[in-house]
Amino acid sequence: MSDLYRIEGLRVDLPLPGDLLSALLPIRRPRLTILDQIDLAIAPGETFGLVGESGSGKTTLARTMLGLAAPAAGRLVFRGADLTGRAAWAGLRRGSAMMFQDPVGSLSPRMRVGALVTEPLIIAGRPIADRAAEAQRLLARVGLPPGLAGRYPHELSGGQARRVCVARALALDPALIIADEPTAGLDVSIQGEILNLMADLGRDQGVGFLVITHNLAVIRHSADRIGILYLGRLVETGPAAQVFARPAHPYTASLIASEPNPDPRRRRADLAIRGEIPSLLRRPAGCPFHTRCPIAVAKCRSIDPGPRAVAPGRMVRCHLAEDIPQPRNPAEEHSR
Amino acid sequence: MTAPLLDVRGLSLSYGPVRALRGVSIDARAGEIIGIVGESGCGKSTLASALIGLPAPGATVAGEVRIAGEDFLALPEARRREWRGARVAMVFQDPMTSFNPVLTLGDQLVDFQHRSPVPRAEKRARAAAILARVGLPDPDLALRRHIHELSGGMRQRAAIAAALLMRPMLLVADEPTTALDVTMEAQIIHLLRELRAEHQGAIVVITHHLGVIGELCDRVYVMYAGEVVEEGTVDEIYHSPRHPYTRALIDCDPAHIDGPAGRLPTIPGRLPDLTGTLRGCAFQPRCPRAGPRCLALAPPRVAFGPTQAAFCHEAGR
Amino acid sequence: MPSAVDTGTAAAPAHRTRGALARLARDGLGLTGAILVAAFILVALLAPWIAPADPLRLDVANKLQGISLAHWAGTDQLGRDTLSRLIWGARMALGISLSATGLAGAIGLVLGMIAGYGPRWLDGLMVLCFDSVSSLPVIMFALAVITVTGPGVATLILVIVTVSIPGYARLIRAQTLTMRNADFIVAERTMGASTARILLRHMLPNVVGPLVIVLSMDVPVVIMLEAGLSYLNLGVRPPQPSWGNMLYDGYTSLRQQPLLVIASGLPLVLATVGFTFLGEGLRDALDPRLRVASR
Ligand SMILES: Nc1ncnc2c1ncn2[C@@H]1O[C@H](COP(=O)(O)OP(=O)(O)O)[C@@H](O)[C@H]1O
Ligand SMILES: Nc1ncnc2c1ncn2[C@@H]1O[C@H](COP(=O)(O)OP(=O)(O)O)[C@@H](O)[C@H]1O
Ligand code: SF4
Ligand SMILES: [Mg+2]
Ligand SMILES: [Mg+2]
C-alpha cells in the first residue's frame, strides 16, 4: 500500500532568536534541534493522531510537512513524490490543507467568509464560473447557512469559525488535512460537530487527517493510529485502540493516567505525572524522558533508547517497554 | 449541620441589557469543593466576579453573597477590599493576570500582605513557605523571579500561592486548568485536593471540563443561560442527572464514551439571547424533552432527595 | 491580592468601519476636526470661484487697508486682497501638504512592507537607510537641497517627502513584522499564494490603518513646515500666495497694520487644530488601544 504522506528520519533545527546585527552579518545564528528522528506514515483516508504536551514540537512538525519550515535532515514524501522541487511542493499545496489552532486568526480579518472559502480555488487558478455559488456550495458542505458568506471572521462564533476553516480546507478536495488542535476552545456541546464532520469526510470522501492535539479524549475517539511526541521525538506509535489499551512507553501510560475522569466513582489517587517537560535547551542525556519516568533505571540516564517494534505496526523508544505498569482504568479492559 | 460558609441567595447581575445572572443561589460549607459547570457564556465568570465582590464596572447587582453570615455585596467598597484576600481570593485561568509583570514574585507576595502587621522578613518567609507548599521547586529562588520566567504550570501554582497567602475562607478558581496541558492539569488537581485537606475554607471551582469536576468536586451546580439548572453531589450529577441539559452535557463529553463510538452527540442550537426576560425554560429551544409547559412557565425546583434538585418541568417524570 | 477582572469575555466587537464612524461622530473634538478639515478642503477646491478678487492684482493706492466691505480681510503692503490671497493660500497649503504626505505615505507603505516581509538582510539594509535619512536635520537638509535646485513648490515637496518616508516606512515595517507570522498569512502561504497576493490582498488592508491616522496627524506639521519655509523665502515663491509668505509680509508691516499677521495666522492655526483633532479622533475611533498607549 502506498502512503499518503511519509516522513523518514526528519530533523528540524530552528534558529534561536537573534538580533539585527546577526541578520546583517553572514554568520549563521545558533540553531536548536526541535524535532529529531521522526518516522511517520499516514495512509490514504486514515486519521493519524499526534499527541504531545505543549512545546513538544507538534506545530513545528505540521509546519515542516507543509514546507513552512525547512528540514535539516530526512525525507518528506507526498503521494510517492519526494518533496524536493517546486513541482512536488505545488502538488502538495493542491492536495493538502491546514486547519490552524486559532480558526479566527487563520482567516484574513478584512475579507468576508464567502471570499475566504473560495480563495484556495483562486490561488490554484481553478476556473470557477460563479464565485458566490461556489461559496454557498462549500458552506453547505460543512452545514453552515448561506447568510454567513457576508460576515467577517470576527463576527463568527468559535464553532462557526472552525467550520469555515473546514470549508476552506475542502475547497480543493484535498487528500490530506492537517488539523492543529481542531477542538481547542470549543465547548463539549459543539466539539462533536467538528469531530463528526471530520469523521464523515474521512469515511465518505477518503480524506486523510493528521490531527494534532493534547486532548486524549478527542484522539481516543477519532484517531485510527496515534503517535506520541516528547521533546521532539516520537516515543511511541501504533494503532490507537492498542496504544490506549496497552501503552508501551511509560510516558504514554502517564499521559493516559493523568487524564481526569468525569466519573467520580473512578476517581484515582495517583493522577499526576511528576515534574515538567524539560527545556529543549537542556535535553536530558540518555532517554529524554528519564527525568520524569517512574520506572527509570541506570541505563536510561546514559543510553538513548532507539526505536523498537513491540508488535506489528507498533514502535516504542524505551529500554523497559515490556515492564510498563498498565492503566488500571476498568474502561479499557473490554476494548482489548 | 453548620451554617454554610458561602451562601448566595437570588443573585442577579446585568451588564446593561444583558442579564448574565438570573437569580442564582448556591452554597458551600467549610472543607467543601464546589464545582460550577456549563458552556461558555452561561455566566460562570460573572458569578466568580460577584463572589469576590468585583463585578465589571457598570454592572448592576442584586441579591446576597453571604460569607460567614455577612452580606459581602452590602459592604462598602473599602471593607470589601479588606475582605478580598483575607476572606475571599481568586485564581484566574490566566495566571499572568494575578501578577504585575515588572515586579518580582517575592515583592508581590510581600505586598499582598500589606495589611498584616508582622515584619517584612517574616512576610517574606511566609511567601517562601507558601510557594514551597504549592510545589514550586526552590522557593527562595522563585521569590526573585518575575512571573514570565516561570512555566505555565508553575505560574498557576504561584497564582494559587498568592490567593492562599492571607488564608482566605473562600477560594474561587475560574477555569484554573483550562490553559494547561493534561499533565499540568493533573498536578493542579492534586494540589487543590491536598489544599482542601489543610485549608479550613471552601473552594469553588469553575470549569467547563467535566473531568476536573469528576476528579475534584464534592457537589456540583450546573449553569445554563445565567441560571442554576441542577445541583447535586458529583455522583448524583454524573450517574443520575435529572435535568436534560446536564444529561446532554455529559453525553457529549468524549471522555464519557469508552473507545471510538462512531458519532459524538452534540447539543444543537446555542445559548439564548440574554437580553430581556426569558419566557418559560431557557433550555427549551434545545431540549429534547420539552413539552408545552416549558414554553410558557418558568420551570419549578424539583428535589430528588436531600442533596439533588433540578429546575425542570419534565425532571420528575 | 489578585484582583483583575476577566477581560476575555467581552462581547464580540461591532462591525468595524461603521462602529468607527459612529464613534468619530460621537467624539466632539473629532467631529470639530472633521468639519474644519472639510471646510478647508472645500475652500481650497473652490478657490477660483469663491475668491472675491484676483490674489495677484496690485493696487498700491489701497495698501494695508483694514476691514472694509471691498476687502473683508483688508489688503497687504501691495494692496492685494488678503481674503483672496488666504483662499488661494489654502489651496497651496493643502495641495502641498496633502500631496507630500500622500506621496510619502505611499512610498513608505511599499518600502515598509518590503522591509517587513522580505529577507532579513534586506530588512537590515533598509532599516539602516531609514535611520540615516531620518538622522538628517530637516532644515539643514532643506537648505542643502534648495541651494542645489533653488526654492519652489517642487523642491518643497521633494524635501518633505524625503524626510517623512523613513517614519512611515518604519511604522509599516513594524506592523508587517508583527503580522508576517500571523496565522492568516501563514495560511495563505500553505495555500501557495504568491508574495504579491499576500502583500496586496492580505497585508496591506491590515497595516494601513495606523498609517492613515499618522498621516492625518502629520498634515498640519507639513502645513507648518511649508509656512515656515515660505516665511524664510525657501518655499513658495512670491508673488504666489502662501500663508507663510503672507505671515512674512504681515510681519514686515506689523507696525502699520497688524490685521495682516492676524488674518494670515488664523487659518494656519485653524487648519492645524482641525487636522490634529481629526487625526486624534480617527485614532481613538479606529483603535482605542493606541489612545491608552500614547497617554
Ligand atoms: N520559529 C521558531 N523559532 C525558534 N523556536 C521555535 C520556533 N517555533 C517554535 N519554536 C520552539 O519549538 C518548540 C516546539 O514548538 P511547537 O512546535 O509550537 O510545539 P507544540 O505545537 O507541540 O506546542 C518550542 O520549544 C518552541 O519554543
Ligand atoms: N464585562 C461585560 N460586559 C458585558 N457583557 C459581559 C461582560 N462580561 C460577560 N458578559 C456577557 O455575560 C454573559 C456571561 O459571560 P461569562 O460570565 O463570561 O460566561 P462564562 O464564564 O460562563 O463563559 C455572556 O453573554 C457575556 O458576553
Ligand atoms: S527508557 Fe527508561 S527512562 Fe526512558 S522511558 Fe523507558 S523506562 Fe523511562
Ligand atoms: Mg502547537
Ligand atoms: Mg469564563
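All figures in this text were calculated on a predicted structure; none of them were measured in a lab.

Re the overall build of chain A
Turning to step 1, where the next piece is worked out: Counting its secondary structure elements, chain A contains eleven helices and twelve strands.
Turning to step 2, where the next piece is worked out: Its C-alpha atoms give chain A a radius of gyration of 21 Å, near enough to 20 Å, the size a compact globule of 336 residues would have.
Turning to step 3, where the next piece is worked out: When the backbone C-alpha atoms are referred to their principal axes, chain A occupies close to 65 × 60 × 40 Å.
Turning to step 4, where the next piece is worked out: The 336 residues of chain A split such that 57% are buried.
Turning to step 5, where the next piece is worked out: Considering only intrachain contacts with a sequence separation of at least 6, the fraction spanning at least 24 residues in chain A is 65%.

Examining the overall build of chain B
Turning to step 1, where the next piece is worked out: Assigned secondary structure in chain B consists of eleven helices and twelve strands.
Turning to step 2, where the next piece is worked out: In terms of overall size, chain B behaves like a compact globule, its C-alpha atoms giving a radius of gyration of 20 Å where 317 residues would be expected to give roughly 20 Å.
Turning to step 3, where the next piece is worked out: Its C-alpha atoms give chain B principal-axis dimensions of roughly 65 × 50 × 40 Å.
Turning to step 4, where the next piece is worked out: The buried share among the 317 residues of chain B stands at 56%.
Turning to step 5, where the next piece is worked out: Contacts spanning at least 24 positions in sequence make up 62% of the contacts within chain B whose residues lie at least 6 apart.
Turning to step 6, where the next piece is worked out: For chain B, the exposed area adds up to about 12,400 Å²; of that, 55% sits on carbon and sulfur atoms.
Turning to step 7, where the next piece is worked out: If the 35 positive side-chain charges of chain B are averaged to one point and the 34 negative ones to another, these points end up 4 Å apart.

Regarding the sheet that holds strand β1 (residues 6-15) of chain B
Within a sheet, adjacent strands bond to each other through the backbone by hydrogen bonds, running parallel or antiparallel.
All names here are of chain B.
Turning to step 1, where the next piece is worked out: Ordered in space as β2-β1-β4-β5, the four strands form an open sheet in which the pairing is antiparallel. This sheet does not close on itself; its edge strands, each paired only once, are β2 (18-28) and β5 (70-71).
Turning to step 2, where the next piece is worked out: One ladder, built from seven bridges, connects β1 with β2; its direction is antiparallel. Its bridge partner being in β2, Y15 is matched across the sheet by V18.
Turning to step 3, where the next piece is worked out: Across the sheet, helix α1 (residues 44-51) is in contact with β1, β2 and β4 (59-67); its angle to β1 comes to roughly 120°.

Observations regarding the nonpolar core
Turning to step 1, where the next piece is worked out: Ranked by size, the top nonpolar core spans 92 residues in total, and within it Y5, I7, I38 and I178 of chain A carry the most contacts.
Turning to step 2, where the next piece is worked out: Ranked by residue count, the leading element in this core is helix α6 (residues 158-170) of chain A, at seven residues.
Turning to step 3, where the next piece is worked out: In this structure, I7 of chain A is in contact with I38, D39, L40, L61, M65, R75 and L76 of chain A, ignoring residues within four places of it in sequence.
Turning to step 4, where the next piece is worked out: I147, Y245, L249 and L274 of chain B belong to the second-largest nonpolar core, a separate cluster that totals 66 residues.

Points about the packing of aromatic side chains
To describe a pair of aromatic rings, one takes the distance between the centres and the angle between the planes.
Turning to step 1, where the next piece is worked out: Taken as a whole and judged by the stated rule, the model has eight aromatic pairs over all chains.
Turning to step 2, where the next piece is worked out: One aromatic cluster in this structure is built from Y230, Y251 and F289 of chain A.
Turning to step 3, where the next piece is worked out: Here the basic side chain of R87 of chain B rests over the ring of W83 of chain B, its NZ or CZ set 4.2 Å away from the ring centre.
Turning to step 4, where the next piece is worked out: Above the plane of the ring of Y117 of chain C lies R180 of chain C, whose end atom (NZ or CZ) is 5.7 Å from the centre.

Describing the interface of chain B and chain A
Turning to step 1, where the next piece is worked out: With 48 residues of chain B in contact, the opposing surface of chain A contributes 41 residues.
Turning to step 2, where the next piece is worked out: Here chain B packs against chain A, burying approximately 3,800 Å² in sum over the two surfaces, 53% of which is carbon and sulfur.
Turning to step 3, where the next piece is worked out: The largest contributions to the chain B side of the interface with chain A come from D181, V182 and E215 of chain B, which together make up 16% of the buried area.
Turning to step 4, where the next piece is worked out: At the surface where chain B touches chain A, the tally comes to three salt bridges.
Turning to step 5, where the next piece is worked out: Here R263 of chain B makes a salt bridge to D200 of chain A, at a shortest N to O gap of 2.7 Å.
Turning to step 6, where the next piece is worked out: Between the two partners, chain B and chain A, sit 21 residue pairs in polar contact (both at pLDDT 80 or more).
Turning to step 7, where the next piece is worked out: Elements with a contribution of two residues or more to the side of chain B that touches chain A: α6 (152-164), α7 (182-198), α8 (210-216), α9 (234-239) and α10 (244-252) of chain B.
Turning to step 8, where the next piece is worked out: The residue makeup of the side of chain B that touches chain A, split by class, is 22 nonpolar, 15 polar and eleven charged.

Some remarks on the domain arrangement of chain B
Residue and element names in this part refer to chain B.
Turning to step 1, where the next piece is worked out: Segmenting chain B into domains produces domain 1 (1-87 + 170-256 + 277-317) and domain 2 (97-167).
Turning to step 2, where the next piece is worked out: Relative placement of domain 1 and domain 2: their C-alpha centres are 29 Å apart.
Turning to step 3, where the next piece is worked out: Each side of the interface is counted separately: domain 1 has 16 residues, and domain 2 has twelve residues.
Turning to step 4, where the next piece is worked out: Of the roughly 1,200 Å² buried at the junction of domain 1 and domain 2 (both faces included), carbon and sulfur atoms supply 64%.
Turning to step 5, where the next piece is worked out: A salt bridge links E194 to R133, with the nearest nitrogen and oxygen atoms 3.1 Å apart.
Turning to step 6, where the next piece is worked out: Seen at the junction of domain 1 and domain 2, the total is four residue pairs in polar contact (both at pLDDT 80 or more).
Turning to step 7, where the next piece is worked out: Of all the secondary-structure elements, those providing two or more residues to the side of domain 1 that touches domain 2 are α2 (77-86) and α7.
Turning to step 8, where the next piece is worked out: Examining the composition of the side of domain 1 that touches domain 2, we find that eight residues originate from one element, α7, more than from any other.
Turning to step 9, where the next piece is worked out: Residues that form the side of domain 1 that touches domain 2 fall into these classes: nine nonpolar, three polar and four charged.

Re the pairing of strand β3 (residues 33-37) of chain B
Residues and elements named next belong to chain B.
Turning to step 1, where the next piece is worked out: Counting buried residues along β3, five of its five residues qualify, which places the element largely inside the surrounding structure.
Turning to step 2, where the next piece is worked out: The alternating pattern of β3 places I33, G35 and V37 and I34 and I36 on opposite faces, both of which are buried.
Turning to step 3, where the next piece is worked out: Relative to strand β8 (residues 202-207), β3 runs parallel, the two sharing five bridges. From the neighbouring strand, G35 faces β8, where its bridge partner is V205.
Turning to step 4, where the next piece is worked out: Both β3 and strand β9 (residues 219-224) contribute to a ladder of four bridges, which runs parallel. Residue pairing for β9: I36 is matched across the bridge by Y221.

Topic: unusual backbone geometry
Backbone geometry follows two general trends: most residues other than glycine have a negative phi, and most peptide bonds adopt the trans configuration.
Turning to step 1, where the next piece is worked out: If you check the backbone angles, R79 of chain A has positive phi at about 45° while not being a glycine.
Turning to step 2, where the next piece is worked out: Its location among the elements puts R79 of chain A in the loop between β4 (73-78) and β5 (81-82).
Turning to step 3, where the next piece is worked out: According to the relative accessible area criterion, R79 of chain A is exposed, its value standing at 54%.
Turning to step 4, where the next piece is worked out: For D138 of chain B, which is not a glycine, the phi torsion comes out positive at approximately 55°.
Turning to step 5, where the next piece is worked out: Relative to the helices and strands, D138 of chain B resides in the loop between α4 (120-133) and α5 (139-142).

A word on the sheet that holds strand β8 (residues 208-213) of chain A
Residue and element names in this part refer to chain A.
Turning to step 1, where the next piece is worked out: Taken in spatial order, the eight strands line up as β6-β7-β8-β3-β9-β10-β12-β11 in an open sheet, and their pairing is mixed. For this open sheet the edge positions go to β6 (96-99) and β11 (308-311), each flanked by a neighbour on one side alone. Strand after strand, the sheet turns through a mean of 20° between neighbouring axes, direction not considered.
Turning to step 2, where the next piece is worked out: As defined by bridge partners, strand β7 (residues 176-180) adjoins β8 across five bridges and the pair is classed as parallel. By the bridge assignment, I177 is partnered in β8 with F209.
Turning to step 3, where the next piece is worked out: Of the strands in this sheet, β6 and β7 are in contact with α6, which crosses β6 at around 170°.

Let's talk about the confidence of the model for chain A
Interpretation of the predicted coordinates at a detailed level should be avoided for regions scoring low in pLDDT.
Turning to step 1, where the next piece is worked out: For chain A, the average pLDDT comes to 88, and 92% of its residues sit at 70 or higher.
Turning to step 2, where the next piece is worked out: Confidence over residues 330-336 of chain A falls short of pLDDT 50; this stretch has nine contacts with residues more than four positions distant or in other chains.

Points about the environment of L103 of chain B
All names here are of chain B.
Turning to step 1, where the next piece is worked out: Within the secondary structure, L103 is located in the loop between β6 (88-91) and α3 (105-111).
Turning to step 2, where the next piece is worked out: Each C-alpha atom, one on L103 and one on Y221, is 37 Å from the other, the two residues being 118 residues apart in sequence.
Turning to step 3, where the next piece is worked out: Ignoring anything within four residues of it in the chain, the contact list for L103 reads Q108, R145 and H146.

So, a nonpolar patch on the surface
Turning to step 1, where the next piece is worked out: On the surface, a cluster of nonpolar side chains totalling about 690 Å² of accessible area is made up of I41, L42, L45, L46, W49, I50 and L98 of chain C.
Turning to step 2, where the next piece is worked out: Among the residues examined, W49 of chain C registers a relative accessible area of 67% and is labelled exposed.

A closer look at the packing of helix α6 (residues 153-180) of chain C against helix α8 (residues 195-231) of chain C
All names here are of chain C.
Turning to step 1, where the next piece is worked out: Contact geometry of α6 with α8 gives a least axis separation of 10 Å together with a crossing angle of 155°. By the angle between their directions, the pair α6 and α8 is classed as roughly antiparallel. As α6 runs across α8, the sense of the crossing is right-handed. Residues L156, I160, Y168, L171, I172, Q175, T176, M179 and R180 of α6 touch α8, and the partners they reach there are M203, N206, V207, P210, L211, V214, L215, D218, V222, L225, E226 and L229.
Turning to step 2, where the next piece is worked out: Residues of the contact of α6 with α8, tallied by class, amount to 15 nonpolar, three polar and three charged.

What counts, and at which threshold
- Residues numbered from 1 in each chain as written.
- Chains lettered and ligands numbered in written order.
- Predicted model: local features only at pLDDT ≥ 70, side-chain atom pairs only at ≥ 80, totals over all residues.
- Heavy atoms only, no water.
- Helix = DSSP H or I, 4+ residues; strand = E, 2+ residues; numbered from the N terminus.
- Rg over C-alpha atoms; globule rule 2.2 N^0.38 Å.
- Buried < 20%, exposed > 50% of the residue type's maximum accessible area, 1.4 Å probe, protein only.
- Contact = heavy atoms within 4.5 Å.
- Areas by Shrake-Rupley, 256 points an atom, 1.4 Å probe, with all protein chains shown as cover.
- Lys, Arg positive; Asp, Glu negative; His and termini not counted.
- Charge placed at Lys NZ, Arg CZ, Asp CG, Glu CD.
- Pairing = 2+ DSSP bridges.
- Axes fitted to C-alpha atoms, helices over the stretch in contact; angles between N-to-C directions.
- Core = buried A, V, L, I, M, F, W, Y, C linked by side-chain atoms within 4.5 Å.
- Phe/Tyr/Trp six-rings, centres within 6.5 Å; stacked < 30°, edge-to-face > 60°.
- Lys NZ or Arg CZ within 6 Å of the ring centre and 35° of its normal.
- Buried area = accessible area lost by both parts, 1.4 Å probe.
- Salt bridge = Lys/Arg side-chain N within 4 Å of Asp/Glu carboxyl O.
- Polar contact = N/O pair within 3.5 Å; in protein donor to acceptor, adjacent residues only side chain to side chain.
- Nonpolar A, V, L, I, M, F, W, Y, C, P; charged D, E, K, R; others polar.
- Domains from an automatic or database assignment.
- pLDDT = per-residue confidence, 0-100.
- Patch = residues over 30% accessible without salt bridge, like charges linked within 9 Å, V, L, I, M, F, W, Y side chains within 5 Å.
- Parallel < 35°, antiparallel > 145°, perpendicular 65-115°, else oblique.
- Left-handed = near helix turned anticlockwise from the far one by under 90°.

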